Amino acid sequence: MTNPALIALGATVLTCVVAIAGVHVYASGRAQRQALVDRLDDYPAGGYAGGAGGRTRRFTAVDRRLRRTRLGRALQLRMSATGLDLTPGEFFVYVAAVVVALWLLAATTLAPFFGPIAGAVAVWSAVIFLNWQRQKRIEAFINQLPDVARLLANATAAGLALRTSLAMAAEELEAPAGEELSRVADQLSLGRSVDDALDELAERLPSRELIVLVTTLVLANKAGGTVVSSLRNLTQTLEDRKETRREIRTMLSEVNATAFTVPLLGLGSLILINASNDGALARVTGSPLGQTLILISLGLYGIGFFVIRRLGKIEV
C-alpha cells in the first residue's frame, strides 16, 4: 500500500473512533439529563420537597413537554410560590378535565351557549385558585416573620454569620418559612450571593414586611452595623403589623363573602329560570339579541365582583 492509502485509512479509522466517542458522549449526556429530569419530577412545583415529595408523579410526559413551552414555564413560576404538591403537568391535566366537565355540564343543563362560558370560567377560576394559594402562603409567611427576625437576631447576637443564621432558622421554623429559608440556604451553599438569594425570596413572596426584612439583612451584610438591635426593633414592628392585618381581615370578611355571593346569585337565578320553564335559556340564547343580553348581564356580575373586591382591599 502506498503512503496516501495508509494516510487515508488512518484518517478513516480516526474519524470512526471520534464518531463513536461522540455518539457515546451524547448518549451518556442524554441519559444523565433524563435521570435529572426524573429526579426533579419527584419534587413539588416549588422546587423543594415541601410535601409528600416521594409520591409517584402522574402525567410525566405531559409535564416534560409543558415545561418546554412558555405557558409551562410561566405556570411553573406561578406554582413555585403556592406550595402545592403538584407538577405543572398534573395541574394542567386537572384543569383541562374540569374545563371539559363544566363545559358539558353547562351545555346540557342550561343551554349549549353556556358551554364555552363555563369553560372560560373554569380557566379563570384556576388562575384565581393559584393566586389565592399564593396569597395564603404569603400570609402564613408574614405571620412567621416576627419569629424569623427573632431567630436571626439571636443567632447574630451569638456571633453566627448571616448564612449560618439563615440555615439555623430554616431548621427551627415550620412551613412555609422553614421551606423558603431552606431554599435560600441551599442557594447560598451553592455559591449564590446573599443579596441575590434574598431578593429572589422577596420576589417570590412579595410583601412589605418581607421587603423591609430583606432590606435590613442586605444592608447589614454589606455595611455591617447594629444588625441585632435593628432586627429586634423590626420584630416588634412586625408583631404590631401582624395584629393590625388580623383585625382588618376580620372586619373585611363580610365584604369578601358578599363579593362571591353576588355571582352565585346570578348563577342560581339562571338555574331557577331554566328549571321552572324547561328550555327557556335555550330559546333566549337562540337569537343574537338574547346572547348579547346574557353576555352583558354576565359582564355586569363580573364587574360587580371586581368592584366589591377592590373596595374591600386595604393595604397595610
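Residues numbered from 1 in each chain as written. Predicted model: local features only at pLDDT ≥ 70, side-chain atom pairs only at ≥ 80, totals over all residues. Heavy atoms only, no water.

Notes on the overall build of the chain
Scanning the chain from N- to C-terminus turns up 13 helices and zero strands. Starting at the N terminus and walking to the C terminus, you meet the elements of the chain as α-α-α-α-α-α-α-α-α-α-α-α-α. Within the chain, the proportion of its 316 residues that are buried is 33%. When contacts within the chain are restricted to residue pairs at least 6 apart in sequence, those whose partners lie at least 24 apart make up 65%. (Helix = DSSP H or I, 4+ residues; strand = E, 2+ residues; numbered from the N terminus. Buried < 20%, exposed > 50% of the residue type's maximum accessible area, 1.4 Å probe, protein only. Contact = heavy atoms within 4.5 Å.)

Re the environment of Val307
Here Val307 is to be found in helix H13 (residues 288–311). In sequence terms Val307 and Ala259 are 48 residues apart; their C-alpha atoms lie 8.4 Å from each other.

Quick notes on the nonpolar core
In this structure, Leu166, Leu181, Leu198 and Leu213 are the most contacted members of the largest nonpolar core, which totals 32 residues. Counting residues per element, the ones that place at least two in this core are helix H5 (114–157), helix H6 (162–172), helix H7 (177–189), helix H8 (194–204), helix H9 (208–223) and helix H10 (227–251). At eight residues, H5 tops the list of elements feeding residues into this core. Excluding residues within four positions of it along the chain, Leu181 makes contact with Val148, Leu166, Ala169, Ala170, Leu173 and Leu201. Within the second largest apolar cluster, 11 residues are counted, among which are Leu66, Leu75, Val99 and Ala122. (Core = buried A, V, L, I, M, F, W, Y, C linked by side-chain atoms within 4.5 Å.)

Concerning the environment of Glu254
Tracing the backbone shows Glu254 in helix H11 (residues 253–276). Judged by relative accessible area, Glu254 falls into the exposed class, the value being 61%. Between the C-alpha atom of Glu254 and that of Gly312, which follows or precedes it by 58 residues, the distance is 9.3 Å.

Side note on the packing of helix H3 (residues 70–79) against helix H4 (residues 88–109)
At a minimum axis separation of 9 Å, H3 and H4 run at an interaxial angle of 100 degrees. Regarding the angle of H3 to H4, the classification is roughly perpendicular. Contacts between H3 and H4 involve Leu71, Leu75, Gln76 and Met79 from the first element and Pro88, Phe91 and Phe92 from the second. Split into classes, the residues belonging to the contact of H3 with H4 amount to six nonpolar, one polar and no charged. (Axes fitted to C-alpha atoms, helices over the stretch in contact; angles between N-to-C directions. Parallel < 35°, antiparallel > 145°, perpendicular 65-115°, else oblique. Nonpolar A, V, L, I, M, F, W, Y, C, P; charged D, E, K, R; others polar.)

Things to note about a nonpolar patch on the surface
There is a patch of nonpolar side chains on the surface, built from Leu289, Leu293, Ile296, Leu300, Ile303, Val307 and Leu311 and spanning about 740 Å² of accessible area. By secondary structure assignment, the location of Ile303 is in helix H13. We classify Ile303 as exposed; its relative accessible area is 51%. (Patch = residues over 30% accessible without salt bridge, like charges linked within 9 Å, V, L, I, M, F, W, Y side chains within 5 Å. Areas by Shrake-Rupley, 256 points an atom, 1.4 Å probe, with all protein chains shown as cover. Salt bridge = Lys/Arg side-chain N within 4 Å of Asp/Glu carboxyl O.)

Overview of the side chain of Glu139
By secondary structure assignment, the location of Glu139 is in helix H5. Owing to a relative accessible area of 18%, Glu139 belongs among the buried residues under this scheme. Non-local contacts of Glu139, meaning those with residues more than four positions away in its chain, are made with Arg245 and Arg249.

Section: the packing of aromatic side chains
Throughout the structure, instances matching the rule amount to seven aromatic pairs. Ring plane angle 85 degrees and centroid distance 5.9 Å describe the contact between Phe59 and Tyr94, whose orientation is recorded as edge-to-face. On the criterion of sequence distance, the pair formed by Phe59 in the loop between helix H1 (3–40) and helix H2 (60–67) and Tyr94 in helix H4 is long-range, its members being 35 residues apart. The exposure class of Phe59 is partly exposed, given its relative accessible area of 35%. By relative accessible area, Tyr94 is classed as partly exposed at 33%. Residues Trp124 and Phe306 carry aromatic rings whose centres are separated by 6.2 Å and whose planes lie at 70 degrees to one another, so their mutual orientation is edge-to-face. Highlighted residues: Trp124 in helix H5 and Phe306 in helix H13, separated in sequence by 182 residues. A relative accessible area of 36% places Trp124 in the partly exposed class. Taking relative accessible area as the criterion, Phe306 reaches 49% and is therefore assigned partly exposed. Put simply, the rings of Trp124, Phe260, Phe305 and Phe306 pair up and form one aromatic cluster. (Phe/Tyr/Trp six-rings, centres within 6.5 Å; stacked < 30°, edge-to-face > 60°.)

Looking at the confidence of the model for the chain
Averaged over all residues, the pLDDT of the chain is 80; the fraction at 70 or higher stands at 87%. Here H1 stands out as the element of the chain with the lowest mean pLDDT, 72, in contrast to H4, whose mean of 90 is the highest. Scored below 50 in pLDDT, residues 43–53 makes 30 contacts in the model with residues more than four places away or belonging to other chains. (pLDDT = per-residue confidence, 0-100.)

Some details on the pattern of salt bridges
What the rule picks out here adds up to 10 salt bridges. For the salt bridge of Glu200 with Arg192, the shortest nitrogen-to-oxygen distance reads 2.3 Å. The class for Arg192 is partly exposed, based on a relative accessible area of 33%. Residues participating in the shared-partner salt-bridge network are Arg137, Glu179, Glu180, Arg192, Glu200 and Arg204.

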